[in-house]
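# Structural overview for review
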Amino acid sequence: MKILVAIDDSPCSQEVLRYIGEVPWMENDQFIVLSVVEPIPVDVGLGVPPFGDEAVEQATYDDCADLTARSCIAIRDRLPSNHVEAKVLTGHPSEKIVEFAEAIEADLVIMGSHGRSGFKKFLLGSVADEVLKRAPCSVGVIKSRVA
């Protein structure tokens, strides 16, 4: 089975990694750990930031690459017989997760949920909700134990 593990730098993603380590997976299951860098809007009506957008985006990309590498190590420590790899993409998170799941023909997407509701969910949206609606495969949403 090909499992896409969508993570960000949040307690929810730590719960996802904990969950993966507790499930009895098959030895031939493959894990692809994905993090998506959301581009910084160039102009949001508040002026241009005093730093170069490219430098900030590169730093964010590097942080995501480090996050996915550390997450791969955590999964490999728990599941040494399984194939685990990392991937970082740039774009809108829910779109990129769905597109990548389609491209690799994933059997399952596992991701965390921040548990936002009401006005916060309206303002910030929900990547998990969008992936649930649009993914070409099953989606496991792990709720965070951290409030």
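Provided above is the structure to which this section pertains.
Cut-off values and rules
- Residues numbered from 1 in each chain as written.
- Predicted model: local features only at pLDDT ≥ 70, side-chain atom pairs only at ≥ 80, totals over all residues.
- Heavy atoms only, no water.
- Helix = DSSP H or I, 4+ residues; strand = E, 2+ residues; numbered from the N terminus.
- Contact = heavy atoms within 4.5 Å.
- Areas by Shrake-Rupley, 256 points an atom, 1.4 Å probe, with all protein chains shown as cover.
- Buried < 20%, exposed > 50% of the residue type's maximum accessible area, 1.4 Å probe, protein only.
- Axes fitted to C-alpha atoms, helices over the stretch in contact; angles between N-to-C directions.
- Left-handed = near helix turned anticlockwise from the far one by under 90°.
- Nonpolar A, V, L, I, M, F, W, Y, C, P; charged D, E, K, R; others polar.
- Pairing = 2+ DSSP bridges.

## Regarding the overall build of the protein
If you tally the helices and strands in the protein, you get five helices and five strands. Beginning at the N terminus, the succession of helices and strands in the protein can be written as β-α-β-α-β-α-β-α-α-β. The long-range fraction of contacts in the protein, counting pairs at least 24 apart against all pairs at least 6 apart in sequence, stands at 80%. For the protein, the exposed surface amounts to about 8,700 Å²; the carbon and sulfur share of it is 53%.

## Observations regarding the side chain of S13
Checked against the element boundaries, S13 lands in helix α1 (residues 11-22). Note on S13: relative accessible area 4%, which makes it buried. Not counting residues within four places of it along the chain, the set of residues in contact with S13 comprises I7 and D8.

## Things to note about the packing of helix α3 (residues 93-104) against helix α5 (residues 127-134)
In contact at an axis separation of 9 Å, α3 and α5 are set at 35 degrees when each is read in the N-to-C sense. Like other packed secondary-structure pairs, α3 and α5 cross with a definite hand, here right-handed. Residues P93, S94, E95, I97 and V98 of α3 pack against V127, E130, V131 and R134 of α5. Here the contact of α3 with α5 is composed, by residue class, of five nonpolar, one polar and three charged.

## Structural notes on the environment of Y19
Residue placement: Y19 occurs in helix α1. C-alpha separation for the pair Y19 and I142, spaced 123 residues apart in sequence, amounts to 7.8 Å. Excluding residues within four positions of it along the chain, Y19 makes contact with W25, I110 and I142.

## Brief notes about the sheet that holds strand β2 (residues 30-37)
Taken together, the five strands give an open sheet; going across it, the order is β3-β2-β1-β4-β5, and neighbouring strands pair in parallel fashion. This sheet does not close on itself; its edge strands, each paired only once, are β3 (83-90) and β5 (138-143). Direction aside, neighbouring strands of the sheet carry axes that sit 25 degrees apart on average. Here strand β1 (residues 2-6) runs beside strand β4 (residues 108-113); their pairing, made up of four bridges, is parallel. When the sheet's bridge partners are listed, I3 is paired in β4 with L108. Against the sheet, α3 engages β1, β2, β3 and β4, with an angle of about 150 degrees to β2.

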